[in-house]
Amino acid sequence: MHTLTRKRDLRKAEPLWADRPHHAVRARKRVSAHDVDVLIVGAGISGALMANALIGHKLRVLMVDRRKPISGSSMASTAMIQHEIDVPLHQLNRVLGADNAARIWQRSAKAVEHLASLVDALRISCQFERKNTLFLSGSSYGARALQAEVEARAEARLEATLLSQADLHARFDIDRTAAIETRISASANPAQLTSGFLRHAQANDIPIVENVEITDIREIEGRNAVATSDGQIITATHVVFCTGYEFLEAVAHKNHAIVSTWALATRPRHPRPEWLDDYLVWEGADPYLYFRSTRDGRIIVGGEDEKSADAFRDPAKLKAKSEILRQKLSDLLGMKIGEPDYRWAAAFGVTAQGLPMIGRVPGMRNAFAAMGYGGNGITFSQIAAEIISSSILGHADPDASLFPFV
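Residues numbered from 1 in each chain as written. Predicted model: local features only at pLDDT ≥ 70, side-chain atom pairs only at ≥ 80, totals over all residues. Heavy atoms only, no water.

Caption draft 1: Up close: the packing of aromatic side chains. Tallying each qualifying case throughout the model produces six aromatic pairs. Consider the rings of tryptophan 275 and tyrosine 279, whose centres lie 6.0 Å apart with planes at 80°: the pair is edge-to-face. One aromatic cluster in this structure is built from Phe135, Trp282, Tyr288 and Tyr290. One residue, lysine 321, lies across the ring of tryptophan 262, its end atom 4.8 Å from the ring centre. (Phe/Tyr/Trp six-rings, centres within 6.5 Å; stacked < 30°, edge-to-face > 60°. Lys NZ or Arg CZ within 6 Å of the ring centre and 35° of its normal.)

Caption draft 2: Representation of the nonpolar core. Within the largest apolar cluster, 74 residues are counted, with the highest numbers of intra-cluster contacts made by Ile40, Ile81, Phe128, Phe197, Val240, Trp344 and Ile388. For phenylalanine 197, the residues in contact, after removing those within four places along its chain, are Ala48, Leu49, Asn52, Leu115, Leu118, Val119, Leu122 and Ile124. One finds Ile258, Phe291, Val301 and Leu333 within the second-largest nonpolar core, a separate group that totals 28 residues. (Core = buried A, V, L, I, M, F, W, Y, C linked by side-chain atoms within 4.5 Å. Buried < 20%, exposed > 50% of the residue type's maximum accessible area, 1.4 Å probe, protein only. Contact = heavy atoms within 4.5 Å.)

Caption draft 3: Representation of the packing of helix H1 (residues 45–54) against helix H8 (residues 377–392). Where H1 meets H8, the axes come as close as 8 Å, and the angle between the chain directions of the two elements is 40°. Judged by the angle between their axes, H1 and H8 are oblique. By crossing handedness, the relation of H1 to H8 is classed as right-handed. When H1 is examined against H8, the residues Ile45, Ser46, Leu49, Met50, Ala53 and Leu54 are found in contact with a partner set consisting of Ile378, Ser381, Gln382, Ala384, Ala385, Ile388, Ser389 and Ile392. Per-class residue counts for the contact of H1 with H8 are 10 nonpolar, four polar and no charged. (Axes fitted to C-alpha atoms, helices over the stretch in contact; angles between N-to-C directions. Helix = DSSP H or I, 4+ residues; strand = E, 2+ residues; numbered from the N terminus. Parallel < 35°, antiparallel > 145°, perpendicular 65-115°, else oblique. Left-handed = near helix turned anticlockwise from the far one by under 90°. Nonpolar A, V, L, I, M, F, W, Y, C, P; charged D, E, K, R; others polar.)

Caption draft 4: Fine view of the pairing of strand S11 (residues 233–241). Pairing of strand S2 (residues 35–41) with S11 involves six bridges; the strand directions are parallel. Residue pairing for S11: valine 36 is matched across the bridge by alanine 236. Direction of pairing for S11 relative to strand S18 (residues 367–371): parallel, over a ladder of three bridges. Looking across to S18, one finds that valine 239 is bridged to alanine 367. (Pairing = 2+ DSSP bridges.)

Caption draft 5: Representation of unusual backbone geometry. Here the residue pair aspartate 286 and proline 287 is connected by a cis peptide bond, since its omega of 0° sits within 30 degrees of zero. Tracing the sequence through the fold places proline 287 in the loop between strand S13 (279–283) and strand S14 (289–293). Backbone geometry places aspartate 173, a non-glycine residue, at a positive phi of 55°. Residue placement: aspartate 173 occurs in the loop between helix H5 (165–172) and strand S7 (178–187). The exposed category is assigned to aspartate 173, whose relative accessible area is 51%.

Caption draft 6: A look at the pattern of salt bridges. Taken as a whole and judged by the stated rule, the model has 30 salt bridges. The residue glutamate 129 makes a salt bridge to lysine 131 at a minimum N-O spacing of 3.8 Å. A single salt-bridge network, built from bridges that share partners, covers Arg103, Arg107, Glu386, Asp397 and Asp399. (Salt bridge = Lys/Arg side-chain N within 4 Å of Asp/Glu carboxyl O.)

Caption draft 7: Main features of the environment of histidine 114. Note that histidine 114 resides in helix H3 (residues 98–122). Given a relative accessible area of 35%, histidine 114 falls into the partly exposed group. Considering only alpha carbons, one finds histidine 114 and threonine 379, 265 residues apart in sequence, at a separation of 9.7 Å. Look past the residues within four positions of histidine 114 in its chain and what remains in contact with it is Gln382 and Glu386. Of note is the side chain of histidine 114, whose polar atom sits 3.3 Å from the side chain of glutamine 382. (Polar contact = N/O pair within 3.5 Å; in protein donor to acceptor, adjacent residues only side chain to side chain.)

Quick look at the structure:
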């Protein structure tokens, strides 16, 4: 027997959301159903959305997690729910071709809209708010690159407005050479968002069992026999690994890496520009800065990513990185950013093109995985739920080939 996924401490210090109410989900302690149609491994946002996509199809579904629900990387998310991908469209065009790149960006936009509709339909209380996005020029992408990006998005029928340096200064009092203004974004409390979908799954007879470690999987006569660390065997027609950044050893690849990131949240009702309550902001730099506000007037700031799977564990770096984030935001907004109420660090997965890997695990007919989310974890989790559920239900998703294990 061997551990299928790489076990990691996914975050250090306590994110803002860990202190917020109404996110706990009461999970079972023991597996009672050992023969199911679908076994979902992982009780974070990707597992929650996966379960939601399978409701109403008369399938016996079981969800397990080695931790308590929502206690992995979902808790560390800053929940900037964007359709914009880390790799700009005009660059993705060169690598994948204009048609495929446009379809990926369009699918990302549809996923944000679909997620908003689901939250509304299920009446999930999670501070979900529609937002505009402001993408600022920076050291990696200057004004000419942003002009090329707006033109590429126009070709892909994606609305985007290029703001000049003068426009940006007049409307936002920000001194950058250019920016792109878009819609189709949102923000939320990620813990409450995840718990809302998990509770909906439980209400539809999908049990969630915590402290279940998956150690092995074998295909036997077209079904999967899944072993747990306490010696149990669960048989399932389909297995879906929604394990976030504790990625499957079976599909570990040079194009999928774990990096470290840092974030902080100010105190409530922190002074901020009035426009910030309607926008998510990020920049074309490496490492890039991103920030937004919350309903109670905090500013959440993140970034300073490092190409290291372990740097986020360093307490000294947590303090130093939060100071860098504060100073960068102070300089950008022209106002002092106070001592944070919360600061945290986390690991997250990235791929070369900023795209997730979604679909069948190589060499396994009925085992699926969703991996490598970059800065669009929640958006890509929704896409993964749509694509994988379609495959399980016997439907071909037209965009499945766009997110391969490469």
